[in-house]
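As a plain string of letters, each chain reads:
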Amino acid sequence: MYDVIFIGKPVETPSLKQMQIDPEKLLRCKGKVGDFSLRFRENGGVKEEKTRAIIVNTPHLQEESLPNFPNFSEDLNPEGEGDLIFIQDWEEIASAFVNGIGLGKALKAAKENPSRQIYYFYRSLRFTEGTDNLYEEARRAGVAFFRYEEGKLKIPGPNKISYTRGGVSMEIEGKIYSAPLLKPDPALEKLSRSLRIIPSEEGYLQTENVSLAPTLTGRRGVYAIGGARSPNGLAGFRDEVEFTLEEIETLKNNLKPLVEEDREVDDRKCILCYTCYRVCPHAALEESTEEDSMEVLKEACWGCNACISHCPAGAISISQEEEDELSRGLKVFMCENSAETARKKMPQENLEGFISREIPCSCSVKKEDIYNWLQGPEDRVLILGCFEESCKHLEGDQRGQRIVDEVNETLSSLDLGEDRVRFERLSPPMEKDLAELLNRWREGQL
Amino acid sequence: MIVGQQKKAEEIIKMLGEDWDSLLIAGCGTCVTVSLAGGEREVEALANLLKIYYGKKGKKVTISTDTVTRQCDFEFIDDIGEKIEDHDVILSLACGVGVQHLVERHPQKVVFPGLNTSFYGATTGVGEWAERCVGCGECILDRFGGVCPVARCSKSLLNGPCGGAQDGKCEVDDDIDCGWELIYNRLKDLNLLESLLVFEDPKDWQHYRDGGPRKLINKEYYNE
């Protein structure tokens, strides 16, 4: 059993037992935090190793943001003459990492070429520890910084730019260097499938979700650093590695489940359709090795209940949970990660007249239950989930929204009322908005 | 597996009509549970929805639910035999096979289909299925790199593509991959392109629907 297996480039781990696998050689990852089992190709055969944690560290790929112009990482010509022009953010706002490279390069150029004028054009400067000094130093060394609006910087010739901002308008000639665009390694696409990690829109393994610490992925015990995590992590690479290794130390010494109640699969009802496996954002379900059914891997489960609400056979439930019969009236279901936190800070009289329940995620609400809660003519249901990109369960808010949309569409087609079920998004500090929302919903004015 | 899609609630209600007091919604626990159309969850959701509908209309009804492992086998239907008999009408959320098998077992009962049986398909994404086989009765996948020209080509052409495909997409719909492009690419990857030079005789459709309703006997098991 290894403490950590690196997929991609390893980093030094003095107190953790480690090994490394090339991204293209990984075949499959089964198991859970503390007990992963990785299958991979080695010397013409297939091998399997066990590990407590996994770190993915793939390189970032650089693409030219301005084709035909050298980028920041290429050498400056020390013998050359004429002015030097650095352009950042031509296509998109560069990450702090690229920002740091550009500033470092401009500073170096200014120091080594006191006779040449250095220009630095940017739309946004993102400072991290270290790069704020670079900016100050570069200014002192004579680098001229110009902020430009998108589309307001033109390149009329191979060595020429024209700049307008406010009342200022100028044309400059010089050797142009452009910031590179950082792209995910193509290997990440396959890795996201074999490791069962929901990737970000750009294809990185970390989704920049506010509920996930920087190197955490949706699968507990699998971490993404460097170019696997996204360019935003590159500037603070060492800190993030340190944080990740500390996390793994903690897991190694004290691995506890994240949720108290067990989610149980009834092996007589489970038909191995793999729906739970596919909808779980945390890769916490696998086919049992003992029963002819799926099983919830306890330490991997984050408790969102997506498996329970989406199981087509009704085979998954929380142990010892009793049926919650709700009386008629206005119901509000609040996600424990957003609206429920806001509720605690809100004057409780705003909840008067509501039957309210705390839920682990908006995706945990079952379609069949919503219909059950709407049996009375005055019944209405309000489901409060998180904003996109802050849902702890990554896609939970979207799933919750889709359940509500489908229910509303069906109710409307049968003339059973418009808008009897409502999905809204909140964040924990929005207690005032919650109060207003509840009052408007009570009055039927949403 | 057989992929099904639940009929719209409006259509189901119209189909059920008014001439009943008790309804049993019968789910099927195999293919259509996997394709998320007729398993326990869908049965319960539909029952609760219909209760809202008839409640609003003021029609007093009893709606019960049950889901058996497979409606295409009598042994499972018999598990809920009394329940079927005790209800005025049955709404089956099985595929067309299950609905008819239920009818054969309970010839006196009115049984309605709650699903449209869509096709034989594979799960191609979460909540997504795609047709892969038409059940033609005479498999020819060996000659086409494992990609079926009957199921994957809109025209079921056997000797190469039509002229309507563009950029790998079928002229019938841009969302459909040209089956023949899939076949070509696959055989090219396998270094077997030459096999496409062999002329494929016209297909004997007697093994398909053109020979009438089909029946199959496994002699080892079959008692005459």
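Residues numbered from 1 in each chain as written. Chains lettered and ligands numbered in written order. Predicted model: local features only at pLDDT ≥ 70, side-chain atom pairs only at ≥ 80, totals over all residues.

Draft legend 1. Up close: the overall build of chain A. Along its length, chain A carries 10 helices and 23 strands. Along the first, second and third principal axes, the C-alpha set of chain A runs to 80 × 60 × 35 Å. Classification of the 446 residues of chain A by burial places 44% in the buried group. A separation of at least 24 residues holds for 68% of the contacts in chain A among residues at least 6 apart in sequence. (Helix = DSSP H or I, 4+ residues; strand = E, 2+ residues; numbered from the N terminus. Buried ≥ 20, exposed ≤ 12 C-beta atoms within 10 Å, placed from the backbone. Contact = placed C-beta atoms within 7 Å.)

Draft legend 2. Structural view of the interface of chain A and chain B. In this assembly, 20 residues from chain A lie in contact with 22 residues from chain B. Broken down by secondary-structure element, the contributors of at least two residues to the side of chain A that touches chain B are helix 5 (275–279), helix 8 (367–373) and helix 9 (396–413) of chain A. At 4 residues, helix 8 of chain A tops the list of elements feeding residues into the side of chain A that touches chain B. Looking at the side of chain A that touches chain B residue by residue, the class counts come to 11 nonpolar, 6 polar and 3 charged. (Nonpolar A, V, L, I, M, F, W, Y, C, P; charged D, E, K, R; others polar.)

Draft legend 3. Highlighting the confidence of the model for chain B. Per-residue pLDDT for chain B has a mean of 97; in total, 100% of the residues score no lower than 70. As scored by the predictor, the complex reaches a pTM of 0.91 and an ipTM of 0.93. (pLDDT = per-residue confidence, 0-100.)

Draft legend 4. Expanded view of the sheet that holds strand 3 (residues 62–68) of chain B. All names here are of chain B. Strand order across the open sheet formed by 4 strands is 3-2-4-5, with parallel pairing between neighbours. Each edge of the sheet is formed by a strand with only one pairing partner; in this case those strands are strand 3 and strand 5 (110–113). Neighbour to neighbour, the strand axes of the sheet diverge by 25 degrees on average, direction disregarded. When strand 2 (residues 22–28) meets strand 3, the two strands line up parallel, connected through 7 bridges. Opposite Gly-27, over in strand 3, you have Thr-67 as the bridge partner. Relative to the sheet, helix 1 (residues 9–16) contacts strand 2, strand 4 (89–92) and strand 5, its axis offset from that of strand 4 by approximately 155 degrees. (Pairing = 2+ DSSP bridges. Axes fitted to C-alpha atoms, helices over the stretch in contact; angles between N-to-C directions.)

Draft legend 5. Seen up close, the pairing of strand 3 (residues 26–32) of chain A. All names here are of chain A. Bridge count between strand 3 and strand 4 (residues 35–42): 6 bridges; the pairing is antiparallel. In the sheet register, Leu-26 faces strand 4, and the bridge partner there is Phe-40. Taken together, strand 3 and the strand that follows it, strand 4, pair antiparallel across an intervening segment of 2 residues, in which Gly-34 is found at a positive phi of about 90 degrees.

Draft legend 6. Representation of helix 3 (residues 40–57) of chain B in the model. All names here are of chain B. Taking 1.5 Å as the rise per residue, helix 3 with 18 residues should run 26 Å; its terminal C-alpha atoms sit 26 Å apart, in good agreement. Extensive coverage of helix 3 is indicated by the burial of 13 of its 18 residues. The positive-phi residue at the C-terminal boundary of helix 3 is Gly-58, with phi of around 80 degrees. (Expected span 1.5 Å × (residues − 1).)

Draft legend 7. Local environment of the nonpolar core. Ranked by internal contacts, the top residues of the largest apolar core, which has 121 residues, are Ile-54, Cys-307 and Leu-384 of chain A together with Ile-25, Val-32 and Leu-93 of chain B. Tallying contributions element by element places helix 3 of chain B first for this core, with 8 residues. Non-local contacts of Val-32 of chain B, meaning those with residues more than four positions away in its chain, are made with Ile-2, Gly-4, Ala-37, Gly-38, Gly-39, Leu-93, Ala-94, Cys-95 and Leu-115 of chain B. Ala-94, Ile-176, Leu-181 and Leu-182 of chain A belong to the second-largest nonpolar core, a separate cluster that totals 32 residues. (Core = buried A, V, L, I, M, F, W, Y, C linked by C-beta atoms within 7 Å.)

Draft legend 8. Structural view of the sheet that holds strand 8 (residues 118–122) of chain A. Residue and element names in this part refer to chain A. Taken together, the 4 strands give an open sheet; going across it, the order is 9-8-7-13, and neighbouring strands pair in parallel fashion. Both edges of this open sheet fall to strand 9 (144–147) and strand 13 (175–178), since each of them pairs with a single strand only. This sheet shows a mean twist of 20 degrees between the axes of neighbouring strands, independent of strand direction. Bridge count between strand 7 (residues 84–87) and strand 13: 4 bridges; the pairing is parallel. From the neighbouring strand, Phe-86 faces strand 13, where its bridge partner is Tyr-177.

Draft legend 9. A look at the domain arrangement of chain B. Looking at chain B, the domain boundaries give domain 1 (2–118) and domain 2 (134–211). Taken over C-alpha atoms, the centre of domain 1 of chain B sits 37 Å from the centre of domain 2 of chain B. (Domains from an automatic or database assignment.)

Draft legend 10. Broad picture of helix 3 (residues 187–194) of chain A. Residues and elements named next belong to chain A. When helix 3 is considered as a whole, its buried residues turn out to be Leu-188, Leu-191 and Ser-192. On an axial view of helix 3, the arc spanned by its buried residues comes to 100 degrees, and they lie on one face. Seen from the open side of helix 3, the exposed residues pointing more than 90 degrees away from its buried face are Glu-189, Lys-190 and Arg-193. Those residues of helix 3 that are buried are in contact with strand 1 (2–8), strand 3 and strand 5 (45–58). The first or second residue beyond helix 3 is Arg-196, which carries a positive phi of 55 degrees. (Arc of directions from axis to C-beta.)

Draft legend 11. Up close: unusual backbone geometry. All names here are of chain A. Phi at Ser-230 takes a positive value of approximately 130 degrees, unusual for a residue other than glycine. Here Ser-230 lies in the loop between strand 15 (222–226) and helix 4 (237–253). The backbone of Tyr-274 shows a phi angle near 70 degrees, a positive value even though the residue is not glycine. Along the chain, Tyr-274 turns up in the loop between strand 16 (263–265) and helix 5. In this structure Tyr-274 comes out as partly exposed when scored by C-beta crowding, with 15 C-beta atoms within 10 Å.

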